[in-house]
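Chain and residue survey
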Amino acid sequence: SPSGETGFSVTSTDTTNCTRPSDHRAASTSGTNFATCTTWKTQSDNTLTFMAAVASDNVSGSYSQNLTIVVTGSF
């Protein structure tokens with residue numbers, strides 16, 4: 001079994017109305033909020049960046065991980 005780490009970070013152009021993790025987070029099987037915005041702001045972006053790191057002793061090859069992203073709007 002390969003060893004390593006997968007995770008994400010989030011940046012936002014709207015730091016007044018949107019909250020998000022301020023550090024890198026590990027991908028979780030129980031669900032993680034990437035960003036929560038209280039007000040819709042035109043030209044506001046929340047950018048989700050995925051990261052992966054593998055241990056130096058991993059065997060060369062192809063590895064994959066499935067992630068599901070759910071976007072929910074409150075109106």
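Attention in this report is confined to the structure presented alongside it. (Residues numbered from 1 in each chain as written. Predicted model: local features only at pLDDT ≥ 70, side-chain atom pairs only at ≥ 80, totals over all residues. Heavy atoms only, no water.)

Bringing the overall build of the chain into the picture now. Per the secondary structure count, the chain includes zero helices and five strands. The helix and strand sequence of the chain, counted from the amino end, reads β-β-β-β-β. A total of 75 residues make up the chain; the buried ones form 15% of that total. In the chain, the share of contacts with a sequence separation of at least 24, taken over all contacts with a separation of at least 6, comes to 57%. (Helix = DSSP H or I, 4+ residues; strand = E, 2+ residues; numbered from the N terminus. Buried < 20%, exposed > 50% of the residue type's maximum accessible area, 1.4 Å probe, protein only. Contact = heavy atoms within 4.5 Å.)

Note: strands within a sheet are paired through backbone hydrogen bonds, in either parallel or antiparallel orientation. A sheet is described by the order of its strands in space; here three strands give the open sequence 3-1-5, paired in antiparallel fashion. At either margin of the open sheet sits one strand with a lone partner, and together these are strand 3 (25-26) and strand 5 (46-54). With two bridges joining them, strand 1 (residues 4-12) and strand 3 adopt antiparallel strand pairing. Bridge pairing links Gly 7 to Ala 26 in strand 3. (Pairing = 2+ DSSP bridges.)

Just geometry here; none of it tells us what the structure is for.
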